[in-house]
Amino acid sequence: MNKAGEFIQSITASQLEELIEAFFAYADSDTINKIFSRIDSDIKICYSNFFQKENTKESPESTQKKMITDEKFSEIFSSLIEDIECHIGELGDEDGEYVSQEHHWECPEFDAYQFSNDLEKIFRQMLPMLDKAYELKLEGKDFLLDIINEIQSGIDVYPEWMGAEYSEFEIETSGAECFLKWNWLNRDTINSFLLESKEMFDKKPLTSNFTQTFLENEPESILKELYKSISELKKNPEWEKLINNVDSIWHDIYHKTEAIADKKSFLKTSQKMISQKWEYGIPVYEEYLKDKDYENAEKYCRETAGEFFRQNTYGNFSKNTKTSIFASHCDKKDSRIDKTFKDWIELCEKLDDTIKAGTVEIQYAFYQNPYDWKKLKTLFLSNKNLPYYNSYLNEWKLFTTRKTLKQYYSDKDQESWLDFLIDFVLDEDKNTFISKTKQWLEVPLKVSSSYDHGKHYQLLLNFSKDVLPETGILKSYPRLKNYISGADYSHYDYDNENETNDKTKLKKERLLYLKKAGAESLKNEIIDTWKKNVHKFIPSPAEAHNAEYSRHAKWLAIAKELNQNTYRRFYNNWKTKHNRKRNLWSALAPYGIRK
């Protein structure tokens, strides 16, 4: 190590920063120029970008800052390849990082997902560096191909009984884009790029789920040439099949270049494939809008919005605006659909179609925020004469029930307090809400099974959770209070960040309007409903799994609190039939229930 290296190692990084700052602050320009004349010019460029003032007369090209030297760039790029090699080095080891085994008695497996995920993080950093790496000739044409061959060899080392060769391993989005980008940079001709890339994607585990970053900033002439080459290949039946497949990378490349090279053909392709890719409808309706063909523009606006929801919705779906608020079926957000809705409303107004404009406004409100009941109320009341009003109202009620119960599917078998609450939002008739809800509470509770009590029970549980804590009545029923406060709404517990936000918004609206409707006046009726139906929730000890009786004990303790007759009947039955179930009586003991 030379003296400079030894000196750097003898001080801290902050001290080195202090030294450099002081040197450039006090050294004159002649001294600095003499120093830079003896070292790599790359360092001088970086110095200029960091320490010298902006030169407003510089050309746009020269103002692109070079913040690291080529040598530093090379070091970073090499470290990324080394990281990939380190991960590959773990392959084949039965006890290595990429072997998963949840239980000691299970056969260990190759964790393809974790391996792919770790590589993806590195490829994500590498992708924007490939242009510079190619310019500096840091790697050969096949360096990424060599990496994937190493990966396949590493996976093959695992013993046959681990089944690693059958894993669903693939190079993910950024990795696949790196392969495509590197092939593009190293192409001999555009045609050779297409053929070589297709062969690689056919034979290697590369995902097809990515965008074409290699086309960014390419001149129009190159894009037209690419379109011409892939159009020629389309004459081959195999290529034609790939290009006509909307999910294929080759279709995506073809369609993007088609937009530049042949606008008429691009619009025709887009129109034909809206049912497969909703976003293809956007340039179609925009073209009609530009030509002031408002009828066709509105038609394809409607088609685009409908396909967006259909393609992002599970289960039964209708994009018929006469029967369904189809925007209530989907949680996915996309700014392009916001614009489509706004254009759609404007087109309805241009066509003087007030009925359709009203329906689209309601659709859009449900898409933006279906939990903004104040806005929905205004829209519904202003469109009360719509021929589809009742269908839309029922859809709002069904949506509210599904979301409150956290169930994707919920049949509307009977009206409940949630339906009456939506009616109250619109008419603010307290008396009707109270009387209808009282009648609903008097209906004998339908219970489907001892584990999943069913929708009727879930509705009562939600109603109790929303209303009773505010009244103080649960102080007299501490075990019911503990159950209500800790119970899940349903077995469909699929909360993620969006679900949690939606649940919070919906609960806020429910509580607001329940308070306005005077729901707390029903506190005694709610408790009475639990008292009359508690026997339906007590599971039979004969159906216990692995002698686990916590649910049995909890419900019998709640029955003891709510209904002494029910409690006595079950207690006496268990004492006679299940006297020898020690685990059952051990579970009951903490509640003060003994033989």
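A. Here's a closer look at the environment of Thr-437. Of note, Thr-437 is situated in helix 22 (residues 430-442). Setting aside residues up to four positions removed in sequence, Thr-437 forms contacts with Trp-417, Phe-420, Phe-463 and Leu-522. There is a polar contact of 2.7 Å between the side chain of Thr-437 and the backbone oxygen of Phe-433.

B. Representation of the packing of aromatic side chains in the model. Taken as a whole and assessed by the stated rule, the structure comprises 45 aromatic pairs. Between the aromatic rings of Phe-537 and Trp-555, the centroid separation amounts to 5.0 Å while the plane-to-plane angle is 40°, which identifies the pairing as tilted. On the criterion of sequence distance, the pair formed by Phe-537 in the loop between helix 26 (523-533) and helix 27 (550-562) and Trp-555 in helix 27 is long-range, its members being 18 residues apart. Each of the two residues, Phe-537 as well as Trp-555, counts as buried. These aromatic residues form a ring-pair network of at least three members: Trp-278, Phe-308, Phe-309, Phe-317, Phe-326, Phe-341, Trp-344, Tyr-364 and Tyr-367.

C. Focus on the packing of helix 13 (residues 249-261) against helix 14 (residues 263-272). With their axes 6 Å apart at the nearest point, helix 13 and helix 14 run at an angle of 135° to one another. Between helix 13 and helix 14, the interaxial angle falls into the category oblique. Remark: the crossing between helix 13 and helix 14 carries left-handed chirality. Only Lys-263, Ser-265, Phe-266, Thr-269 and Ser-270 of helix 14 make contact with helix 13, whose side of the interface consists of His-251, His-255, Glu-258, Ala-259 and Ala-261.

D. Quick peek at a nonpolar patch on the surface. On the surface, a nonpolar cluster with roughly 270 Å² of combined accessible area is contributed by Phe-7, Ile-8 and Leu-19. Considering the arrangement of structural elements, one finds Leu-19 in helix 2 (residues 13-26).

E. A look at helix 24 (residues 478-486). Within helix 24 the residues assigned to the buried category are Leu-480, Tyr-483 and Ile-484. Each buried residue of helix 24 sits inside an arc of 95° when the element is viewed along its axis, so together they form one side. Those residues of helix 24 that are exposed and aimed more than 90 degrees away from the buried face are Asn-482, Ser-485 and Gly-486. Where helix 24 is buried, its residues contact helix 23 (455-471), helix 26 and helix 27.

Calculation notes
Residues numbered from 1 in each chain as written. Predicted model: local features only at pLDDT ≥ 70, side-chain atom pairs only at ≥ 80, totals over all residues. Heavy atoms only, no water. Helix = DSSP H or I, 4+ residues; strand = E, 2+ residues; numbered from the N terminus. Contact = heavy atoms within 4.5 Å. Polar contact = N/O pair within 3.5 Å; in protein donor to acceptor, adjacent residues only side chain to side chain. Phe/Tyr/Trp six-rings, centres within 6.5 Å; stacked < 30°, edge-to-face > 60°. Buried < 20%, exposed > 50% of the residue type's maximum accessible area, 1.4 Å probe, protein only. Axes fitted to C-alpha atoms, helices over the stretch in contact; angles between N-to-C directions. Parallel < 35°, antiparallel > 145°, perpendicular 65-115°, else oblique. Left-handed = near helix turned anticlockwise from the far one by under 90°. Patch = residues over 30% accessible without salt bridge, like charges linked within 9 Å, V, L, I, M, F, W, Y side chains within 5 Å. Areas by Shrake-Rupley, 256 points an atom, 1.4 Å probe, with all protein chains shown as cover. Salt bridge = Lys/Arg side-chain N within 4 Å of Asp/Glu carboxyl O. Arc of directions from axis to C-beta.

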